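Examining the three-dimensional arrangement
Single-letter residue listing:
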Amino acid sequence: MGANQPTVVQENWWARLTRSKYFVYVLISPLFLVLLAYVIYPFYQTFLQSVVGEEGATLENYQRFFGLTSTANLEALWTSVYISVISVITCAIVGVTMAFLMERYEFPGRKLLSVLILVPMALPPLVGVLSFTFLYGESGIIPRAFQVLFDLEKVPFSLKGVMGVIVVHTFTMYTYFYLTAAAAIKGLDPSLEEAATSLGSGRIRIWLKVILPMLTPALIASSLLVFMISMASYTAPLMFGVERTMTMQIYLSRTNGSLDMAATQSTILSIVSISFLILMRWYQGRRNYQNQSKGISVHRTELRSQFAKYMSMVLSFIGVIILMLPILVLVLISFSVDGEWTVQVIPTAYTLQHYIDLFTDERTWRPIWNSLQMSFVATAGNILFGVAAAYAMVRTKFKGKALLDILIMVPWALPGTVVAVNLIAAFSEPNVFSFNQVLIGTFWILPLAYFVRHLPLIFRSTSAALMQMDESVEEAARSLGANWWYSFRRVVVPMAFSGILAGTLLALVQGIGEFVASILIYSTSTMPLSVAIFQKMYAFQFGTACAYGVLQIILIITVLFVSQKITDGKAGSAI
Amino acid sequence: MLKSVRLDHVSKMFGTAIGVENVDIDVKPGEFFTFLGPSGCGKTTTLRMIAGFYYPSKGKILFDNKDVTTLQPNKRNIGMVFQNYALFPHMTVFENIAFGLEVRKMTKAVIKEKVERAQKLVHLEKYGTRKINELSGGQQQRVALARALVIEPDILLLDEPLSNLDAKLREETRLEIKRLQVELGVTTIYVTHDQTEAMTMSDRIMVMKEGVVQQIGSPQEIYNQPTNHFVASFIGESNILEAEVVEVKADAVKVKLDEDIFVQGSMSQSANGKKLAVGESIKVSIRPEAVFEGSGPNQVTGTIQFVEFTGVSINYVVKVGSNIMKVMIINKGNEILKRGDSITLHVPEKGIYLIGE
């Protein structure tokens, strides 16, 4: 026996490759290639367009942007920034107050309110703004009701301009503050407050020295997020006619045909957005208060006095109404006969026809079918990319990991308007990445835009699921003889399934409702649902527009409900 | 098919940090071999190299005479039980156990028969359709064991399989694992930080510390003849006393523990059979149970500092000269002394073990 030479096991090249330490780069290079082709390259093309004039490189566009001869651009930048700052403040006040009331007090109607408080998340941006103009606009239901009730000359108030934008932002974005603050308050050990009280602190001091510092990380993270989303906001300024915001300026420059200016504006807005993204990532990594205590029992304070009880009931009731109104008004108008509703408070004639048309009239059904198709194509791409990227990020080690992480998040930070401008810059001419085709004007440009915009969704939900999965489970599969691919199929994918599904559903509905990028790049043959809603609005076909909107809301609520069920609320980080 | 495992001067570096240094062992076919040491000693790293999850930086790993140093884990035909069991949570008990057989493309009928036999082996006949989260920790443990054994592995690797169980279950499962190992005769490598597990189950033990092998031997050798201070104190309890050799007469070695306190040991009771010379500083290891009350050879007197009655034994902490000694007296109804009492002790020659520095 001792004389036997050790025999070396023969392996084929694939087996040898898979155990090489460079194998991971074989896995991740397609990911980087996709990001290069559809994120970096379009961005670079836009940048190029902004700095290359007829006589070579020039900074002329930037001089015009910041120059004082025409201040439209600077005004737009300023308006965008100040709308965003005010949005952050109002969202913070509403969100944090709500979080405290919900988490710390017990009052009649709390349960119902705590469900409805997330209703704004179910409103697609365009549909949300739409219902607000129906409700509170100059010819909106509420102002007119007051006018009729008090027999006034004209409506007593109405939402318009910057004010309208801010109110819509507050309504749709306070949930970011609410969610993070509620989570932070839930994690806030009441014994800390009790300890502070026992050491002789008064209420105000406890607030300043204990509660606020503990909430700071949550508040800052949400502030950055809301600021970023406000900067990118396009629908609200569009519907309220605020032309001097960055996104509107880009849209106007494009429609006026001054492409180089649109490129310049896009580049500047991108820089702002990406800086905020990096700031946010940096901040999240830096600061995080962990509670030391294990079992946390939150005891809600019960309201004792009768007066407080009645007050809270009335306020809850008002809250419920405000939260439900946007959806109710959409449902109401979706049954109204087009063209019949002019100066009355609410529509006078009703019909079921719009809903029947949705699925039977070829012209009405077309945009729904378009959006379904395009969203499915985009989501299929997102699944492939998202799952592969999540696996690479969570399970493997390689150089450039931080870069991959930030590159995947960039499309999410970029305003939809910018994504559209970038894609136009890159794919108006054939190139390698478009397989030598002109994509603009074809079916493929919209799915591509959806793919880019929703790149991080499935990635994030899948990462969250993978992080909960112990690495040794995969090792167990390998030790039982499964090769990498077999264990990936039979063990990794099934275990991450809930996360993949949650992200997929989200990407799907977001694709179906996408408006901001679509409006810039759709062609009449591929008109998506949201653009159809927009056009019906301007054609005064409110009924059809709202029926579309209700359909979207039903889709979104179903998806939110399903993902809540399959993940037990764990993969909520996808949003 | 019983296989031997040979680690030929294996080292593993993590960057510049040493994970494991120069491990050279030969596990015989059918042997129960244990890697024992505190956390961070490199025992799990060594096991993972045998499993194929790490590749050695230096040296070779051989199963029988086959070089498997860089063979992928799925090609090694090993059964592994993980510390947290690593069961597939999305599968039933049956599906978990069947996984390895499906990979091997066996027919449905064969898989069913084998899985059922494995379930019987670990007393889980009725649990086939249960999901993993419907099982207790002990049952999960047994599923993990069945899953590893059903593929008839050449080598069974166990990574701290008992550490997540409570004390009573741990003892039960320990016997269970040993029973299966003896019945199936599979070559087994077991990683633990628990010396009781190592002592009760193993044919041989390798004690490790900071990536370096301290001693390899049978449980008796490790306990009775520790090669150094670390092994003596890590395995069981021991009084390790500084001493100086004052007289060597043929086999007898007389050492000085303190002013006027001398004990006599035997050259055959020295670590690694080392020859000791007069004047040398050494360490003496005396197990608490090797000390007896009353007069006899190597007699000393001390003052009791602390008394503990456990039922089986009376434990004293005694100050002898400047040394503190733990003493364990078997309870045979003897009188229990109090703190501050003087006590006479003696240590038979075979209870004294000389550890060269």
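Before going further, it helps to spend a moment on a nonpolar patch on the surface. The grouping of Phe307(A), Met311(A), Val314(A), Leu315(A), Phe317(A), Ile318(A), Ile321(A) and Ile322(A) at the surface amounts to a nonpolar patch, some 780 Å² of accessible area in total. Among the secondary structure elements, Phe307(A) is positioned in helix 14 (residues 306-334).

As a further point, take the domain arrangement of chain B. Residue and element names in this part refer to chain B. As assigned here, chain B comprises domain 1 (5-230) and domain 2 (237-355). Centre-to-centre separation of domain 1 and domain 2, based on C-alpha positions: 39 Å. Contacts between the two partners involve eight residues from domain 1, matched on the other side by eight residues from domain 2. Taking both sides of the interface into account, the surface hidden between domain 1 and domain 2 amounts to around 740 Å²; carbon and sulfur atoms contribute 51%. For the pair domain 1 and domain 2, the interface holds zero salt bridges. Inspection of the region where domain 1 meets domain 2 yields three residue pairs in polar contact (both at pLDDT 80 or more).

With that settled, consider the pattern of salt bridges. All names here are of chain B. Per the stated rule, a full pass over the model turns up 20 salt bridges over all chains. Two residues, glutamate 116 and lysine 112, come together in a salt bridge whose shortest N-O distance is 3.2 Å. Here the residue glutamate 116 and the residue lysine 112 both occupy positions in helix 3 (residues 108-121), the gap between them amounting to four residues, near one helical turn. With its nearest N and O atoms 3.7 Å apart, the salt bridge here joins glutamate 259 to lysine 256. A relative accessible area of 58% places glutamate 259 in the exposed class. One network of salt bridges, with partners in common, ties together Arg6, Asp8, Asp24 and Asp26.

Take the pairing of strand 11 (residues 239-249) of chain B next. Residue and element names in this part refer to chain B. In this sheet, strand 14 (residues 281-286) lies alongside strand 11 in antiparallel orientation, the contact comprising six bridges. Its bridge partner being in strand 14, asparagine 239 is matched across the sheet by isoleucine 286. Examined bridge by bridge, strand 11 and strand 12 (residues 252-258) share five bridges and lie antiparallel to one another. Residue valine 248 lies in a different strand from strand 12, and its bridge partner there is valine 253. A loop of two residues connects strand 11 with strand 12, the two strands running antiparallel in sequence, and alanine 250 in this loop sits at a positive phi of about 50°.

All names here are of chain A. The contact between helix 18 (residues 416-427) and helix 19 (residues 445-453) brings their axes to 10 Å, and the two run at 130°. The angle between helix 18 and helix 19 places the two elements in the oblique class. As for the relative orientation of helix 18 and helix 19, their crossing is right-handed in sense. Contacts between helix 18 and helix 19 involve Gly416, Val419, Leu423 and Phe427 on the former and, on the latter, Ile445, Leu448, Ala449, Val452 and Arg453.

It is worth spelling out helix 9 (residues 190-198) of chain A at this point. Because the α-helix completes a turn every 3.6 residues, residues three or four places apart line up on one side. Residue and element names in this part refer to chain A. Residues Pro190, Glu193 and Ala196 constitute the buried set of helix 9. Along the axis of helix 9, the buried positions cluster into a sector of 120°, meaning they face one direction only. Residues of helix 9 that are buried make contact with helix 4 (72-104) and helix 10 (203-232). A positive phi of about 100° marks glycine 200, the residue just after helix 9.

A few words on the nonpolar core. With 225 residues, the main nonpolar core has Phe134(A), Phe99(B) and Leu157(B) as its most contacted residues. The element best represented in this core is helix 8 (residues 161-186) of chain A, accounting for twelve residues. Non-local contacts of Leu157(B), meaning those with residues more than four positions away in its chain, are made with Leu47(B), Ile50(B), Ala51(B), Ile78(B), Gly79(B), Met80(B), Val81(B) and Ile189(B). Of all hydrophobic cores here, the second largest spans 29 residues; its members include Val318(B), Val320(B), Val347(B) and Leu354(B).

Let's shift gears to the interface of chain A and chain B. Taken residue by residue, the interface counts 27 residues in chain A and 31 residues in chain B. Summed over the shared surface of chain A and chain B, the number is two salt bridges. The closest approach of N and O atoms between Arg48(B) and Glu475(A), which form a salt bridge, is 2.5 Å. Here chain A and chain B share seven residue pairs in polar contact (both at pLDDT 80 or more) between them.

All names here are of chain B. Across five bridges, the pairing between strand 9 (residues 204-209) and strand 10 (residues 212-217) is antiparallel. Among the inter-strand pairings, lysine 209 is bridged to a residue of strand 10, identified as valine 212. Hairpin geometry of strand 9 and strand 10 is characterised by an intervening segment of two residues between the two adjacent antiparallel strands and by a positive phi of about 45° at glutamate 210.

What follows covers the sheet that holds strand 16 (residues 299-309) of chain B. A sheet is described by the order of its strands in space; here five strands give the open sequence 15-19-16-17-18 (chain B), paired in antiparallel fashion. At either end of the open sheet lies a strand with only one pairing partner, and these are strand 15 (292-293) and strand 18 (323-330) of chain B.

Residue and element names in this part refer to chain A. Mapped onto the fold, serine 253 is located in helix 12 (residues 246-256). A relative accessible area of 7% means that serine 253 is categorised as buried. Sequence-distant contacts of serine 253, that is, excluding residues within four places in its chain, are made with Ser258, Met261, Ala262 and Gln265.

Scanning all chains against the criterion turns up 28 aromatic pairs over all chains. Ring centres of Phe227(A) and Phe276(A) lie 4.4 Å apart, and the angle between their planes is 15°; on these two criteria the pair is classed as stacked. Highlighted residues: Phe227(A) in helix 10 and Phe276(A) in helix 13 (residues 259-286), separated in sequence by 49 residues. Of the residues examined, Phe276(A) reaches a relative accessible area of 21% and is grouped as partly exposed. Judged by centre distance (4.7 Å) and plane angle (50°), the rings of Phe88(B) and Phe99(B) are tilted. Pair noted here: Phe88(B) is in the loop between strand 6 (78-81) and helix 2 (93-103) and Phe99(B) is in helix 2, with a separation of eleven residues, a long-range link. Counting every residue linked through ring pairs, the aromatic cluster contains Tyr234(A), Tyr251(A), Phe515(A), Phe534(A) and Tyr538(A).

So, how was this worked out
Residues numbered from 1 in each chain as written. Chains lettered and ligands numbered in written order. Predicted model: local features only at pLDDT ≥ 70, side-chain atom pairs only at ≥ 80, totals over all residues. Heavy atoms only, no water. Patch = residues over 30% accessible without salt bridge, like charges linked within 9 Å, V, L, I, M, F, W, Y side chains within 5 Å. Areas by Shrake-Rupley, 256 points an atom, 1.4 Å probe, with all protein chains shown as cover. Salt bridge = Lys/Arg side-chain N within 4 Å of Asp/Glu carboxyl O. Helix = DSSP H or I, 4+ residues; strand = E, 2+ residues; numbered from the N terminus. Domains from an automatic or database assignment. Contact = heavy atoms within 4.5 Å. Buried area = accessible area lost by both parts, 1.4 Å probe. Polar contact = N/O pair within 3.5 Å; in protein donor to acceptor, adjacent residues only side chain to side chain. Buried < 20%, exposed > 50% of the residue type's maximum accessible area, 1.4 Å probe, protein only. Pairing = 2+ DSSP bridges. Axes fitted to C-alpha atoms, helices over the stretch in contact; angles between N-to-C directions. Parallel < 35°, antiparallel > 145°, perpendicular 65-115°, else oblique. Left-handed = near helix turned anticlockwise from the far one by under 90°. Arc of directions from axis to C-beta. Core = buried A, V, L, I, M, F, W, Y, C linked by side-chain atoms within 4.5 Å. Phe/Tyr/Trp six-rings, centres within 6.5 Å; stacked < 30°, edge-to-face > 60°.

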